[in-house]
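Now for the letters of each chain:
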Amino acid sequence: MAYLHQQVDGSPIALPVGKVVCIGQNYQDHIAEMQSKTAAEALFFIKPSTALCPLAPAFAIPGGRGAVHNELEIAVLISQPLSQATPQQVTAAIWGYSLALDLTLRELQANLKQLGRPWEIAKGFDGACPVAGFVPAGDIAHPQQLDFSLTVNGIERQHGNSANMIRGISQLISEMSQHFTLLAGDMVLTGTPAGVGPLQAGDQLQLQLADFFTVNTKVS
């Protein structure tokens with residue numbers, strides 16, 4: 001099933017499907033669980049548009065390539081070009097907010113890190129970014145106070161709040177735009193809290209974004 005930007009109610013969003021620009025290590029608890037170090041410079045990376053896929057009713061994970069970890073993140077859809085943008089310009093260019101999974105081939109990523117090599121293939125494979133429908137920005141009064149969670153087979157695995165981001169949404173997108181021009185239809189992933197772990201075929205998932213939506217899906 002091809003990915004198209006959609007609202008929570010399933011209606012289409014009139015924006016092209018672009019790249020996904022991500023920030024790593026934006027929650028202190030996740031940095032601790034990965035035994036990483038907090039750095040002054042933000043860690044940015046890109047997933048291609050071919051990584052995008054619908055979150056529900058099901059999504060597939062690669063087989064035979066080691067553990068595939070969930071990384072639940074708030075997703076931000078960009079509605080107009082941003083280059084060298086201020087945080088205020090970023091806020092004006094946000095179409096809406098959703099949830100996405102930054103699926104990660106964890107063992108492959110670890111091996112590539114040990115070799116000192118880039119690890120895009122552990123993050124940017126086909127289907128590596130399942131996305132739910134978007135809530136229009138105008139419906140969310142306080143995007144920097146959003147509670148979100150992931151349960152796997154009825155057990156809560158991740159629970160975060162955007163208030164705990166090291167870099168807030170507008171600030172991190174402003175910093176991104178100093179390096180990469182963001183275009184209308186591009187999506188930004190804002191980092192994951194603690195609780196990453198392996199997914200298996202057959203797992204039942206529930207993702208919740210505050211009081212805005214709950215999505216039930218499964219790993220096929």
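Nothing here was measured: the structure is a model prediction, and the numbers come from that model. (Residues numbered from 1 in each chain as written. Predicted model: local features only at pLDDT ≥ 70, side-chain atom pairs only at ≥ 80, totals over all residues. Heavy atoms only, no water.)

Peer 1: Pulling in residues and values, what's your account of the pairing of strand β7 (residues 94-101)?
Peer 2: With seven of eight residues buried, β7 is to be regarded as a mostly interior element. Across seven bridges, the pairing between strand β6 (residues 72-78) and β7 is antiparallel. When the bridges of β7 are listed, Glu 73 appears paired with Ala 100. Two elements, β7 and strand β10 (residues 135-136), share two bridges in a ladder whose sense is antiparallel. Opposite Gly 96, over in β10, you have Pro 136 as the bridge partner. (Buried < 20%, exposed > 50% of the residue type's maximum accessible area, 1.4 Å probe, protein only. Helix = DSSP H or I, 4+ residues; strand = E, 2+ residues; numbered from the N terminus. Pairing = 2+ DSSP bridges.)

Peer 1: Run through the sheet that holds strand β16 (residues 213-219), naming residues and quoting values.
Peer 2: Strand order in the open sheet formed by five strands is β4-β16-β15-β11-β12, with mixed pairing between adjacent strands. Edge positions in the sheet fall to β4 (58-59) and β12 (155-161), since each has one partner strand and no second. One ladder, built from six bridges, connects strand β11 (residues 147-152) with β12; its direction is antiparallel. In the sheet register, Asp 147 faces β12, and the bridge partner there is Asn 161.

Peer 1: Any chance you could break down helix α3 (residues 106-114) for me, citing the residues and the numbers?
Peer 2: For α3, every residue scored as buried is listed here: Arg 106, Gln 109 and Leu 112. What you see down the axis of α3 is that its buried residues fit within an arc of 130 degrees, all on one side. The inward-facing, buried residues of α3 contact β5 (68-70) and β8 (104-105). In the segment just after α3, Gly 116 is the residue with positive phi, at about 70 degrees. (Arc of directions from axis to C-beta. Contact = heavy atoms within 4.5 Å.)

Peer 1: Can you lay out the state of the cysteines for me, pointing to particular residues and giving the numbers?
Peer 2: In protein structure, a disulfide is the covalent linkage between the sulfur atoms of two cysteines. Tallying each qualifying case throughout the model produces zero disulfides. A disulfide-free cysteine, Cys 22 has its sulfur positioned 6.4 Å from the sulfur of Cys 129, the nearest such atom. With a relative accessible area of 0%, Cys 22 lands in the buried category. For Cys 53, which is in no disulfide, the shortest distance to another cysteine sulfur is to Cys 129 and amounts to 7.5 Å. Note on Cys 53: relative accessible area 13%, which makes it buried. (Disulfide = S-S within 2.5 Å.)

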